[in-house]
Amino acid sequence: CTHVDALRFFAPAAGPLNHHGAELQRMDQLRMEQKGCVHAHMDLLKIGLKLHGYVDSKLMGDVLEVALAARQLDVEASPYDATEYGAKIVPIETKEGRKMYKEEQTLLMIRTEPVRKRLLGAYEVFMELAFEEELLGGHFLGDTNGDGANAAAPPYVAPER
């Protein structure tokens, strides 16, 4: 697992078995995060809520939907039985269960990508409005080279106030 928050909930004995180490640091999150991670999808809700004045209701609804879908998959793959609440069981301790999880995780990643890009657009609008251009230096979270090459999402327009 590469998500710092998910690793906190591992049993202490499981930490050393993690390929990326028993402890992950918040400062490594951008470098380590994977687009298929269900915890990263859930984090989009936290980011959307922090940007609430710069995120329109349609985008916020889409963010909530993918966060809930991610949480459902996370619970379905956990040791908890939530079937009485409509969740299925994804038995990740078996080969078939890991295959099932990977398929669900891939579908969720594909579904989430356009939402992630739209939320990044809202973040970029916020950064432009909140900070002077010389402080930003043309660099945004999604534009790691500063040349706009990573900005594949359509421009985001902040909601009317």
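The structure under discussion appears in the preceding block.
The next subject is the packing of helix α4 (residues 57-76) against helix α5 (residues 95-130). In contact at an axis separation of 10 Å, α4 and α5 are set at 155 degrees when each is read in the N-to-C sense. Our classification of the angle between α4 and α5 gives roughly antiparallel. α5 is crossed by α4, and the crossing has left-handed handedness. Two secondary-structure elements touch here, α4 through Lys58, Leu59, Asp62, Val63, Glu65, Val66, Ala69, Ala70 and Leu73 and α5 through Tyr101, Glu104, Gln105, Leu108, Arg111, Thr112, Val115, Arg118, Leu119 and Ala122. Among the residues forming the contact of α4 with α5, the class breakdown is eleven nonpolar, two polar and six charged.

Moving on, we get to the packing of aromatic side chains. The final tally for this structure, using the stated rule, is two aromatic pairs. Between Tyr54 and Phe126, the ring centres sit 5.2 Å apart and the planes meet at 65 degrees, which makes this aromatic pair edge-to-face. Placement of the pair is Tyr54 in the loop between α3 (38-50) and α4 and Phe126 in helix α5, with a sequence separation of 72 residues. Take Phe126: its relative accessible area is 23%, and that puts it in the partly exposed class. Measuring from centroid to centroid gives 6.5 Å for Phe126 and Phe131, while their planes differ by 90 degrees, and the two rings are edge-to-face. The class for Phe131 is partly exposed, based on a relative accessible area of 37%. Following the ring pairs from residue to residue traces out a cluster consisting of Tyr54, Phe126 and Phe131.

Attention now goes to empty space enclosed by the protein. Applying the stated criterion across every chain, the model contains one cavity of 30 Å³ or more. The space that makes up the largest cavity amounts to roughly 30 Å³. Counted by class, the lining of the largest cavity contains five nonpolar, one polar and two charged residues.

Between the first and last C-alpha of α3 there are 19 Å, a value that for 13 residues agrees with the 18 Å anticipated at 1.5 Å per step. For α3, the complete set of buried residues consists of Val38, His39, Ala40, His41, Met42, Asp43, Leu44 and Gly48.

Another point: the packing of α3 against α4. Contact pair α3 / α4: the axes reach a minimum separation of 8 Å and the direction vectors enclose 145 degrees. Here the hand of the crossing between α3 and α4 comes out left-handed. Note on element contacts: α4 touches α3 through Met60, Val63, Leu64, Val66, Ala67, Ala70, Arg71, Leu73 and Asp74, opposite Val38, His39, His41, Met42, Leu44, Leu45, Gly48 and Leu49. Counted by class, the contact of α3 with α4 contains twelve nonpolar, three polar and two charged residues.

Calculation criteria
- Residues numbered from 1 in each chain as written.
- Predicted model: local features only at pLDDT ≥ 70, side-chain atom pairs only at ≥ 80, totals over all residues.
- Heavy atoms only, no water.
- Axes fitted to C-alpha atoms, helices over the stretch in contact; angles between N-to-C directions.
- Helix = DSSP H or I, 4+ residues; strand = E, 2+ residues; numbered from the N terminus.
- Parallel < 35°, antiparallel > 145°, perpendicular 65-115°, else oblique.
- Left-handed = near helix turned anticlockwise from the far one by under 90°.
- Contact = heavy atoms within 4.5 Å.
- Nonpolar A, V, L, I, M, F, W, Y, C, P; charged D, E, K, R; others polar.
- Phe/Tyr/Trp six-rings, centres within 6.5 Å; stacked < 30°, edge-to-face > 60°.
- Buried < 20%, exposed > 50% of the residue type's maximum accessible area, 1.4 Å probe, protein only.
- 1 Å grid on protein atoms, 1.4 Å probe; cavity = no way out; pocket = protein on both sides within 12 Å on 5 of 7 lines; lining within 4 Å.
- Points joined across faces, edges and corners; volume = space filled by probe spheres on them.
- Expected span 1.5 Å × (residues − 1).

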